[in-house]
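Here is what each chain is made of, one letter per residue.
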Amino acid sequence: MSEAPLKAAGTRKSASKPARSRSREFALQALYQFLVGGNEASDIDVFTRDLSGFHKADIAHYDALLYGCVEQAAALDALIAPKLDRPMSEISPIEHACMWIGLYEFQNCLDVPWRVVLNECIELAKDFGGTDGHKYVNAVLSGLAPQLRTAEVEADRAAGRARD
């Protein structure tokens, strides 16, 4: 039996992904449907739970991301907008959803280190977004991390684990 090939260089094989990473992928897909289709979160949730591999995700984290991002959409967009070089309407829905996930986790999932949040969102954008979309996600989230995780970012900078 042969292993499935990687989707892209550097991408983890699906079988080896942690449950939290899987929950972010499913949340990204659900948030994409919310942004593009304008569907109700509860309807999207029912559909998403039927997708292959959902049972391997961290369900509680997925729930928090989907419903938290939808409920806090306006506040998340208010944080994102000043960091953009174009109107929000011109942002890819994938990149938009990646930024929502990152900001939601910065604010509400303090058990997840800020650098892990940043890396996971960049990887999501690489796997699902446009060619250079991950660079945009990185710039916006890196720009907001010091504001939302001040002590943690400053501690990493002092220890030489993060740039100014």
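Up top is the structure these notes are about.
Before going into details, it helps to say that this report is about the structure given with it. Sequence order as written defines residue numbering, which begins from 1 separately in each chain. Since the coordinates come from a predicted model, pLDDT governs what is reported: local features require at least 70, and pairs of side-chain atoms require 80 or more to be given and counted, while whole-chain, interface and lining totals use all residues. Just so you know, side-chain values use all the structure's heavy atoms and leave hydrogens and water out.

**Section: the overall build of the protein chain**
Then, in step 1: When helices and strands are counted, the protein chain shows eight helices and zero strands.
Then, in step 2: N-terminal to C-terminal, the α/β element order of the protein chain is α-α-α-α-α-α-α-α.
Then, in step 3: For this measure, only C-alpha atoms enter the radius of gyration; the expected value for a globule follows 2.2 Å times N^0.38, where N is the number of residues. Whereas a compact globule of 164 residues would reach a radius of gyration of roughly 15 Å, the protein chain reaches 16 Å, a difference of no more than 12%.
Then, in step 4: C-alpha extents for the protein chain along the principal axes are approximately 45 × 40 × 30 Å.
Then, in step 5: Under the scheme applied here, a residue whose accessible area is under 20% of the maximum for its type counts as buried, over 50% as exposed, and between as partly exposed, the area being computed with a 1.4 Å probe on protein chains only. Burial analysis of the protein chain (164 residues in total) assigns 41% to the buried set.
Then, in step 6: A separation threshold of at least 6 residues defines the contact pool for the protein chain, and within that pool the share at least 24 residues apart is 67%.
Then, in step 7: Charge counting treats Lys and Arg as positive and Asp and Glu as negative, with His and both chain ends excluded. Just so you know, the charge point we use is NZ for Lys, CZ for Arg, CG for Asp and CD for Glu. In the protein chain, 18 side chains carry a positive charge and 23 a negative one; their mean positions are 7 Å apart. Under the scheme used here, helices are H or I runs from DSSP no shorter than 4 residues and strands are E runs no shorter than 2 residues, and both carry numbers assigned from the N terminus. The contact criterion used is simple: two residues touch if any of their non-hydrogen atoms lie within 4.5 Å.

**A short note on the side chain of Ser23**
Then, in step 1: Residue placement: Ser23 occurs in helix α1 (residues 19-37).
Then, in step 2: Setting aside its immediate chain neighbours within four residues, Ser23 contacts Ala57, Asp58, His61, Tyr62 and Leu65.

**Quick look at the pattern of salt bridges**
Then, in step 1: Throughout this description, the term salt bridge denotes a Lys or Arg side-chain nitrogen within 4 Å of a carboxyl oxygen of Asp or Glu. Throughout the structure, instances matching the rule amount to 12 salt bridges.
Then, in step 2: Across the pair Glu105 and Arg24 runs a salt bridge whose closest N-O atoms are separated by 2.8 Å. Here Glu105 is found in helix α5 (residues 93-108), whereas its partner Arg24 is found in helix α1, with 81 residues between them in sequence. Arg24 carries the same exposure label as Glu105, and that label is buried.
Then, in step 3: Ionic pairing is found between Arg49 and Asp63, a salt bridge with its closest N-O pair at 2.3 Å. Residue Arg49 is found in helix α2 (residues 41-49), and its partner Asp63 is found in helix α3 (residues 59-71); the two are separated by 14 residues along the sequence.

**Focus on the state of the cysteines**
Then, in step 1: Note that a disulfide, as used here, is simply two cysteine sulfur atoms within 2.5 Å. On inspection of all chains with the given rule, the structure shows zero disulfides.
Then, in step 2: Here Cys121 stays free of any disulfide, with the sulfur of Cys98 as its closest cysteine sulfur at 6.1 Å.
Then, in step 3: Cys121 gets classed as buried once you look at its relative accessible area, which sits at 0%.

**Here we look at the environment of Tyr32**
Then, in step 1: Here Tyr32 lies in helix α1.
Then, in step 2: Classification of Tyr32 as partly exposed rests on a relative accessible area of 35%.
Then, in step 3: Along the primary structure Tyr32 and Cys98 are separated by 66 residues, whereas in three dimensions their C-alpha atoms are 9.4 Å apart.
Then, in step 4: The residues contacting Tyr32, other than those within four sequence positions of it, are Gly37, Pro93 and Ile94.

**Examining the nonpolar core**
Then, in step 1: Ranked by internal contacts, the top residues of the largest apolar core, which has 44 residues, are Ile101 and Leu103.
Then, in step 2: No other element matches the nine residues that α5 contributes to this core. Put simply, buried Ala, Val, Leu, Ile, Met, Phe, Trp, Tyr and Cys residues joined by side-chain atoms within 4.5 Å make one nonpolar core.

**Some details on the environment of Tyr136**
Then, in step 1: Tracing the backbone through its elements, the reader meets Tyr136 in helix α7 (residues 133-148).
Then, in step 2: For Tyr136, a relative accessible area of 14% translates into the label buried.
Then, in step 3: When the C-alpha positions of Tyr136 and Val117 are compared, they lie 15 Å apart, and in sequence the two are 19 residues distant.
Then, in step 4: Once residues within four sequence positions are removed from consideration, Tyr136 is found in contact with Leu84, Asp85, Arg86, Ile91, Glu95 and Met99.

**A look at the packing of aromatic side chains**
Then, in step 1: Ring geometry is summarised as follows: Phe, Tyr and Trp rings, the Trp one being its six-membered ring, pair when their centres sit within 6.5 Å, and such pairs are stacked at plane angles under 30 degrees, edge-to-face over 60 and tilted between the two. Evaluation of the coordinates by the stated rule reveals three aromatic pairs.
Then, in step 2: Ring centres of Phe26 and Phe54 lie 5.2 Å apart, and the angle between their planes is 70°; on these two criteria the pair is classed as edge-to-face. Here Phe54 lies in the loop between α2 and α3 and Phe26 lies in helix α1, a separation of 28 residues in the sequence. Pair check on accessibility: Phe26 and Phe54 agree, each one buried.
Then, in step 3: What links up through ring pairs into an aromatic cluster is the set Phe26, Phe54 and Tyr62.

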